[in-house]
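Structural overview for review
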Amino acid sequence: MTEIGGTAAAVDNLMLDGNWYHVIELKPGIYTPGFKFPNIAMTRRMLKGCEVEGATCLDVGTMDGFVSPLLARRGARRVFACDRYNRRSQIDIVARALGVNINYLSGVSLRDVRRIAPSLMDNPFDLVVLSGVLYHMYDPMNGLGLIRSMVRPGGIVVVETQAVKSKEMVSYFNASGSIADDCHNYW
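Anyway, here's the lowdown on the structure attached to this text. This one's a predicted model, so the numbers in the text were calculated from it and none came from an experiment. (Residues numbered from 1 in each chain as written. Predicted model: local features only at pLDDT ≥ 70, side-chain atom pairs only at ≥ 80, totals over all residues. Heavy atoms only, no water.)

**Quick word on a positive patch on the surface**
The grouping of Arg44, Arg45, Lys48 and Arg74 at the surface amounts to a positive patch. Given a relative accessible area of 42%, Arg44 falls into the partly exposed group. (Patch = residues over 30% accessible without salt bridge, like charges linked within 9 Å, V, L, I, M, F, W, Y side chains within 5 Å. Areas by Shrake-Rupley, 256 points an atom, 1.4 Å probe, with all protein chains shown as cover. Salt bridge = Lys/Arg side-chain N within 4 Å of Asp/Glu carboxyl O. Lys, Arg positive; Asp, Glu negative; His and termini not counted. Charge placed at Lys NZ, Arg CZ, Asp CG, Glu CD. Buried < 20%, exposed > 50% of the residue type's maximum accessible area, 1.4 Å probe, protein only.)

**Topic: the sheet that holds strand S7 (residues 151-160)**
The pairing of strands in a sheet comes from backbone hydrogen bonds and takes either a parallel or an antiparallel form. Spatially, the five strands line up as an open sheet ordered S5-S4-S3-S6-S7, and their pairing is parallel. Among the strands making up the open sheet, the edge pair consists of strand S5 (103-106) and S7. Neighbour-to-neighbour, the strand axes of the sheet open up by a mean angle of 15°, direction not taken into account. Alignment of strand S6 (residues 125-131) against S7, held across six bridges, turns out to be parallel. Across the sheet, Leu130 pairs through a bridge with Val159, a residue of S7. Relative to S7, helix H2 (residues 39-48) is tilted by about 155°, and along the sheet it contacts S6 and S7. (Pairing = 2+ DSSP bridges. Helix = DSSP H or I, 4+ residues; strand = E, 2+ residues; numbered from the N terminus. Axes fitted to C-alpha atoms, helices over the stretch in contact; angles between N-to-C directions. Contact = heavy atoms within 4.5 Å.)

**Quick notes on the nonpolar core**
Counting residues in hydrophobic clusters, the biggest one holds 28 residues, and the most contacted among them are Leu47, Val52, Cys57, Leu71, Leu127 and Val129. Of all the secondary structure elements, the ones that give two or more residues to this core are H2, helix H3 (67-73), strand S4 (78-83), helix H4 (88-98) and S6. Broken down by element, the residue count for this core peaks at six residues, all from H4. Setting aside residues no more than four positions away along its own chain, Val52 makes contact with Cys57, Leu71, Arg74, Gly75, Ala76 and Leu127. By size, the runner-up hydrophobic cluster in this structure holds 18 residues, among which are Val60, Leu110, Phe125 and Val151. (Core = buried A, V, L, I, M, F, W, Y, C linked by side-chain atoms within 4.5 Å.)

These results come straight from atomic positions and should not be treated as a statement about function.
Shown next, in the form of structure tokens:
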């Protein structure tokens, strides 16, 4: 394997451990062994309509950092990524391989982002991305309220989420996996 950053052996070990969420092309022909989620295409389409150059962006629920490099490569002034899981090793590999700077907050809830980085709240975000996150929240309405409080007036929140087709304005609780066969999908 071509060296990406750090020692080639360390990168090989992390690459082969299978602990990747997304398939990310690190270099031409070199991919992480994650999953190809179809929702990423929707997120990318929505982001095409957003002004990113010079923006301060937040990628919520980044996992191993698929969206953050897209924002950085489109000229975002600063990119912050957060996730309640600590995937620092994966984020570091992705950032080095793609030559981007990602300010990563790991092992934190959305509420903790405000507490840990109060200076971020003095300068609200221009763009916040929640791709595949909302249905994982215990209280999605509270989560949207927290996100809204972090975005400047006129800023943009991109939300990609799972939905059930219905004429009613309701949320369905995924009790015992009755809607989605994933114990981490609450809605």
